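Take a look at the letters that make up each chain.
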Amino acid sequence: MNNDKKLTIVKERYDIAGLKILMTTYHKTTMERALPYRAKKEWKEEEADGVIDFGQAFYEDIYQNHMPYSNYTTIEYMYTGSLFHRFLLKYNGCMLHSSAVVVDGYAYLFSANSGTGKSTHTRLWMEHFGDRAFIINDDKPSLRLEEGEWYVYGTPWSGKHNINVNTRAKLGAIVFLERAETNSIKPLDVQMAIPLFFNQTVRLLKTAEKMDMVLEKMEQILTQNPIYKMGCTISDEAVTMAYDTIRRV
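Basis of the calculations
- Residues numbered from 1 in each chain as written.
- Predicted model: local features only at pLDDT ≥ 70, side-chain atom pairs only at ≥ 80, totals over all residues.
- Heavy atoms only, no water.
- Helix = DSSP H or I, 4+ residues; strand = E, 2+ residues; numbered from the N terminus.
- Buried < 20%, exposed > 50% of the residue type's maximum accessible area, 1.4 Å probe, protein only.
- Contact = heavy atoms within 4.5 Å.
- Pairing = 2+ DSSP bridges.
- Salt bridge = Lys/Arg side-chain N within 4 Å of Asp/Glu carboxyl O.

Peer 1: It is not clear to me how unusual backbone geometry should be interpreted in this structure. Could you clarify?
Peer 2: Glycine aside, the phi torsion of most residues is negative, and most peptide linkages are trans. Although it is not a glycine, Ala17 adopts a positive phi angle of roughly 55 degrees. Here Ala17 is to be found in the loop between strand S1 (10–16) and strand S2 (19–25). Of note in this structure, Glu147 is not a glycine but carries a positive phi near 50 degrees. Assignment of secondary structure puts Glu147 in the loop between strand S8 (142–146) and strand S9 (149–153).

Given below as structure tokens:
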């Protein structure tokens, strides 16, 4: 795979999911993805909730010794997102691999393994609801508990299509998606949801402490919000069935 050896080093302040992040990027793609999250108000570097700066030497080591099939841009994307997730855990938050669509002020997260069709499903929501809907993040939205309510935030880590919006919306529901020949949806109890959620979190975590924090946030999210399992076809009927079941007003 071709690698991008040309560096575009940018140190900048960002506001991501309500956190002050001081991040140095080394590759143009990562910098461009982060631009919408650049801080609008100046703050001191020491006020940062998290600092992200791995350095190009780190990326070169990962590429040469662990991921020679990849490229620097992908490696930077993965590791900056993973480190942001670690900071998020300290601030009542968690990232979930999902496509999050907002309708009438509520965010509905559709989570599944890559290739299952979660992005296709949320795009059908966009077609169905028109101006009432937008995708807040198509790959790794952030969830944060703030003043007793769970919110969903857009982030720069938004998958290959880079679809995201730098805003937040109240969490409406989380749906674990699977392909099916017929449409069906049902509430999911916490015990059934735990392995599904865990498999879709960002898991480049090196310490037991961080893993415990993931599990703690996961339990909070699953016990405090509506959770569903859905089998669906690629159809407008799947959208209306899901929305009629999970909508929040």
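After that view, the rundown keeps rolling.
Peer 1: When you look at the environment of Arg144 in this model, what are you seeing that I'm missing?
Peer 2: As for its position among the elements, Arg144 is in strand S8. For Arg144, a relative accessible area of 10% puts it in the buried group. Sequence separation between Arg144 and Gly117 is 27 residues, and the spatial gap between their C-alpha atoms is 25 Å. Excluding anything up to four places from it in sequence, Arg144 contacts Ala17, Gly18, Leu19, Leu88, Tyr91, Asn92, Gly93, Glu149, Trp150, Tyr151 and Tyr153.

Peer 1: Mind showing me how you'd approach the pairing of S2 here?
Peer 2: The side chains of a regular strand alternate, residue by residue, between the two faces of the sheet. Of all seven residues making up S2, six are buried, and the element is well covered by its neighbours. Between S1 and S2, which pair antiparallel one after the other, the connecting turn spans two residues, and Ala17 there sits at a positive phi close to 55 degrees. Pairing of S2 with strand S3 (residues 50–52), which is carried by three bridges, proceeds in the parallel orientation. If you follow Ile21 over to S3, its bridge partner there is Gly50.

Peer 1: Where do I start with the pattern of salt bridges in this structure?
Peer 2: Once their charged atoms are close, side chains differing in charge can pair, the charge on each being opposite to the other. For the structure on display, the rule yields eleven salt bridges. The shortest N-O distance in the salt bridge between Arg13 and Glu42 comes to 3.1 Å. In this pair, Arg13 sits in strand S1 while Glu42 sits in the loop between helix H1 (28–34) and S3, placing the two residues 29 residues apart along the sequence. For Arg13, a relative accessible area of 18% gives the class buried.

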